[in-house]
Amino acid sequence: MAVLVIAEHDNKTLKRATLQAVDAAARLGEVHLLVMGSGVDAVAQAAAKVAGVVQVKVVDDPALAEPLAEVVTAQVVPLAKDYSHVVAAATAHGKDFMPRVAALLDVAQISEVTGIDSADTFRRPIYAGNAIATVQSSDPIKVLTVRGTSFDEAAAEGGSAAIEKVAAVAVDGQPALVGREQASSDRPELTAAQVVVAGGRGLGSAEQFQAVLEPLADRLGAALGASRAAVDAGYAPNDWQVGQTGKIVAPQLYIAAGISGAIQHLAGMKDSRIIVAINKDEEAPIFSVADYGLVADLFEAVPALTAKLG
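Remember, it's a predicted structure, so these values are computed and weren't measured experimentally. (Residues numbered from 1 in each chain as written. Predicted model: local features only at pLDDT ≥ 70, side-chain atom pairs only at ≥ 80, totals over all residues. Heavy atoms only, no water.)

Turning next to helix H2 (residues 41–48). Among the residues of H2, those classed as buried are Val 43, Ala 44, Ala 47 and Ala 48. Seen from one end, H2 has its buried residues packed into an arc of 135 degrees, which puts them on one side. Buried residues along H2 sit against strand E2 (30–37), strand E3 (53–60) and strand E10 (162–165). (Buried < 20%, exposed > 50% of the residue type's maximum accessible area, 1.4 Å probe, protein only. Helix = DSSP H or I, 4+ residues; strand = E, 2+ residues; numbered from the N terminus. Arc of directions from axis to C-beta. Contact = heavy atoms within 4.5 Å.)

What follows is about empty space enclosed by the protein. Within this structure, the stated rule accounts for one cavity of 30 Å³ or more. Size it by volume and the largest cavity reaches roughly 50 Å³. Every residue along the wall of the largest cavity is listed here: Ile 6, Glu 8, Ala 17, Thr 18, Ala 21, Ala 88, Ala 89, Thr 91, His 93, Gly 94 and Phe 97. Among the secondary structure elements, those contributing two or more residues to the lining of the largest cavity are helix H1 (16–25), strand E4 (85–89) and helix H4 (92–105). A breakdown of the residues in the lining of the largest cavity according to their chemical character gives six nonpolar, four polar and one charged. (1 Å grid on protein atoms, 1.4 Å probe; cavity = no way out; pocket = protein on both sides within 12 Å on 5 of 7 lines; lining within 4 Å. Points joined across faces, edges and corners; volume = space filled by probe spheres on them. Nonpolar A, V, L, I, M, F, W, Y, C, P; charged D, E, K, R; others polar.)

Right, let's talk about the packing of aromatic side chains for a bit. According to the stated counting rule, one finds one aromatic pair in the structure shown. Ring geometry for Phe 209 against Trp 240: centres 6.2 Å apart, planes inclined by 40 degrees, an arrangement best described as tilted. In this pair, Phe 209 is assigned in helix H5 (residues 206–220) and Trp 240 in the loop between helix H6 (228–232) and strand E13 (253–257), connecting sequence segments 31 residues apart. (Phe/Tyr/Trp six-rings, centres within 6.5 Å; stacked < 30°, edge-to-face > 60°.)

By definition, the strands of a sheet pair up through backbone hydrogen bonds, in either a parallel or an antiparallel sense. Here we have seven strands laid out as an open sheet, ordered E5-E9-E4-E1-E2-E3-E10, and parallel in their pairing. Strand pairing shows two members of the sheet lacking a second neighbour, strand E5 (109–113) and E10, which therefore form its edges. On average, adjacent strands in this sheet sit at an angle of 25 degrees to one another, irrespective of strand direction. Both strand E1 (residues 2–6) and E2 contribute to a ladder of five bridges, which runs parallel. (Pairing = 2+ DSSP bridges. Axes fitted to C-alpha atoms, helices over the stretch in contact; angles between N-to-C directions.)

Its 12 residues place the ends of helix H3 (residues 69–80) 16 Å apart at the C-alpha level, agreeing with the 16 Å of an ideal helix rising 1.5 Å per residue. Counted residue by residue, H3 has 10 buried out of 12 residues, so it is predominantly covered. Buried within H3 are the following residues: Ala 69, Val 71, Val 72, Thr 73, Ala 74, Gln 75, Val 76, Val 77, Leu 79 and Ala 80. Close packing links the buried residues of H3 with E1, E2, E3, E4 and H4. (Expected span 1.5 Å × (residues − 1).)

As a further point, take the sheet that holds strand E6 (residues 115–118). Pairing within the open sheet is antiparallel, and its three strands lie in the order E6-E7-E8. Every other strand in the sheet has two partners, leaving E6 and strand E8 (131–136) as the edge strands with one partner each. Across the sheet, the mean angle from the axis of one strand to that of its neighbour is 30 degrees, orientation sign disregarded. Bridging between strand E7 (residues 121–126) and E8 involves six bridges; their strand directions are antiparallel. Bridged to Pro 125 within E8 is Ile 132.

Ranked by size, the top nonpolar core spans 32 residues in total, and within it Val 5, Val 22, Leu 33, Val 53, Val 56, Val 87 and Val 113 carry the most contacts. The biggest single contributor to this core is H1, with five residues. (Core = buried A, V, L, I, M, F, W, Y, C linked by side-chain atoms within 4.5 Å.)

On to the layout of surface pockets. Computed from the structure, the second largest pocket encloses a volume of approximately 390 Å³. If you go around the second largest pocket, you meet 25 residues; those closest to its centre are Arg 201, Gly 202, Gly 258, Ile 259 and Ser 260. Looking at the lining of the second largest pocket residue by residue, the classes come out as eight nonpolar, 13 polar and four charged.

Inspection of the entire model under this criterion finds 11 salt bridges. Across the pair Lys 95 and Glu 112 runs a salt bridge whose closest N-O atoms are separated by 3.0 Å. Placement of the pair is Lys 95 in helix H4 and Glu 112 in strand E5, with a sequence separation of 17 residues. (Salt bridge = Lys/Arg side-chain N within 4 Å of Asp/Glu carboxyl O.)

Moving on, we come to the packing of H5 against helix H8 (residues 298–308). Here H5 crosses H8 at 30 degrees, and the two axes come no closer than 9 Å. Overall, the two elements H5 and H8 adopt an arrangement that is roughly parallel. Between H5 and H8 lies a crossing whose hand is left-handed. Contacts from Gln 208, Val 212, Leu 213, Pro 215, Leu 216 and Arg 219 of H5 reach H8 at Leu 298, Phe 299, Val 302, Pro 303, Leu 305 and Thr 306. For the contact of H5 with H8, the per-class residue count stands at nine nonpolar, two polar and one charged. (Parallel < 35°, antiparallel > 145°, perpendicular 65-115°, else oblique. Left-handed = near helix turned anticlockwise from the far one by under 90°.)

This is how it looks when you write it as structure tokens:
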């Protein structure tokens, strides 16, 4: 039983989410990794070294320079018919094209998988993570997106997979990328960061986000995050939002300052290894998932913590 994993990359390096998807797929069978892009020789070589990967299939074509859903789907569907499972990370990219793959294969997609019980039985969160559904699929090909925070990363070294070139499939009415607006930052990417400092509506303004949280994040080399309430209030940009409708994170350390802990926010960060909550309301729900809780005024506690860190 072979499993096809769709590699996520930037045409230069493999992304962490791919290693997590490989770890999940290894529990299902022999792992084959599909690398699609333009000028992806370096990515293919890196993919071949990933522990547990038996074969790397490479579709290298200028039309794949941008991973547009229509073009990516056209490459995946013909190959998928030779596999028992097709797996991708539950990232924005995976969520973009995998439903198309499932529809064209006439199967049901199983999304946001957090646990694998057997080749046809999977666990996934529902109700904002307050319940876990066990889903059994009878489809001949299982199409899965896996939540990377629930799996380990496969070792990036140690493998010696064979590399096979695959011809690209042409797409009628070839779509083209017209433009992209992408936020840039010197900080770690939020979903890949080992430390996240997040703020809520308790900060009161965008200026306080900058004055109070940024110095602490700088000391810790952390990414900055925010609750939906803070984002909706205009205190932080959309790409900082952590939660059910934002980004799912599981860093080694998550510091929540001024975040009450709505169910939707907890769904996005409760798998963090260590959670530190700072809130002046001792009844705040965030304390129910925190490893360390400090009932204090964040405007005093956070600067004091920053000062202690030097």
